[in-house]
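# Structural description and commentary
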Amino acid sequence: MGDVFRVMRVEERKITTKKGVDMKLRTPTADDAEKVLAFRRDVAGETIYLTRYPYEIENSVEKERDIISNYQRAEHLGMMAIFDGDKVIGVTSVSPVGLNFKTRHRASAELVVRKEYWNLGLGSHLLDLAIEMAENCGYERLELSVFADNARALRLYKKKGFVDCGQIPQAFKMMDGKYHDEILMSKNLWRH
Ligand SMILES: CC(C)(COP(=O)(O)OP(=O)(O)OC[C@H]1O[C@@H](n2cnc3c(N)ncnc32)[C@H](O)[C@@H]1OP(=O)(O)O)[C@@H](O)C(=O)NCCC(=O)NCCS
């Protein structure tokens, strides 16, 4: 990959919710594939603010295992999950915007938390982690895409220093015929 990418390793750690409950944050392994897949399917049905409808979630545990293994192996990819006991309740991932020289300094992040766990500070922990993974890896910018009416996510991203850098009208078309604009957000990761 050239020398831009370093290992995107983040140690397993304990995090505490705003209500004082401890949870574990770690890199998912291939053995967690079934749990991660269940998480993806569940969250796709809980919120309109993800890009896929539940029926568009790949349903193969084998394939999920491959995706997770790829994230573990590749130096320029990172994935971390929050576990409440055995259950996956939040996931963040970081991947490059492009692999060619002119774009490989940019990463994009995704984060999702199960609805019953919203507003406990977990999204905030996940975003800190995405930033840490991207920085460890040598990326210079971290980018996020968000539905323009997703107030919770926008608040979180602005709080962590992401700035609005453009809006795409009618970027998302829903099954009921309605459209949502997309806001692109970006954070400079250079350390001064
Ligand atoms: C966006 C998301 C990851 C946030 O996770 P979370 O665990 O609820 O995040 P946090 O608890 O750390 O922070 C949420 C913030 O939004 C605030 N908030 C809650 N409801 C809000 C609302 N209706 N309008 C604006 N802000 C709101 C909370 O007060 C909190 O801010 P604070 O820490 O300053 O008090 C989660 O809601 C989610 O997964 N949503 C569905 C998928 C999604 O939208 N992902 C992002 C795609 S870009």
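Summary of the structure given here. Keep in mind that this is a model prediction, so the values were computed, not measured.

### Overview of the overall build of the protein chain
When helices and strands are tallied, the protein chain shows four helices and eight strands. Listing every helix and strand of the protein chain by position from the N terminus yields β-β-α-α-β-β-β-α-β-α-β-β. Relative to the compact-globule value of 16 Å for 192 residues, the protein chain shows a C-alpha radius of gyration of 16 Å, a close match. By its C-alpha atoms, the protein chain is 45 × 40 × 35 Å across when sized along the principal axes. Among the 192 residues that make up the protein chain, the fraction classed as buried is 43%. Across the protein chain, contacts joining residues at least 24 apart in sequence account for 62% of those joining residues at least 6 apart. Of the roughly 10,700 Å² of accessible surface on the protein chain, 48% is carried by carbon and sulfur atoms. Of note, the protein chain has its 31 positive side-chain charges centred 4 Å away from the centre of its 29 negative side-chain charges.

### Focus: the site of the ligand
By nearness alone, 24 residues border the ligand, and V113, N119, G123, N150 and K159 come closest of all. Take W118: an N or O atom from its side chain is 3.4 Å from an oxygen atom of the ligand. Considering the ligand on its own, with 950 Å² of exposed area, one finds that the protein chains cover 81% of that surface. Looking at the shell around the ligand residue by residue, the class counts come to 13 nonpolar, seven polar and four charged.

### Considering the nonpolar core
Counting residues in each nonpolar core, the largest one holds 35 residues, and the members touching the most others are V94, L127, L142 and Y157. The element contributing the most residues to this core is helix α3 (residues 122-136), with eight residues. Core analysis: the second largest hydrophobic core is formed by 14 residues, V43, Y71, A81 and F83 among them.

About the cut-offs
Residues numbered from 1 in each chain as written. Predicted model: local features only at pLDDT ≥ 70, side-chain atom pairs only at ≥ 80, totals over all residues. Heavy atoms only, no water. Helix = DSSP H or I, 4+ residues; strand = E, 2+ residues; numbered from the N terminus. Rg over C-alpha atoms; globule rule 2.2 N^0.38 Å. Buried < 20%, exposed > 50% of the residue type's maximum accessible area, 1.4 Å probe, protein only. Contact = heavy atoms within 4.5 Å. Areas by Shrake-Rupley, 256 points an atom, 1.4 Å probe, with all protein chains shown as cover. Lys, Arg positive; Asp, Glu negative; His and termini not counted. Charge placed at Lys NZ, Arg CZ, Asp CG, Glu CD. Near = heavy atom within 4 Å. Polar contact = N/O pair within 3.5 Å; in protein donor to acceptor, adjacent residues only side chain to side chain. Nonpolar A, V, L, I, M, F, W, Y, C, P; charged D, E, K, R; others polar. Core = buried A, V, L, I, M, F, W, Y, C linked by side-chain atoms within 4.5 Å.

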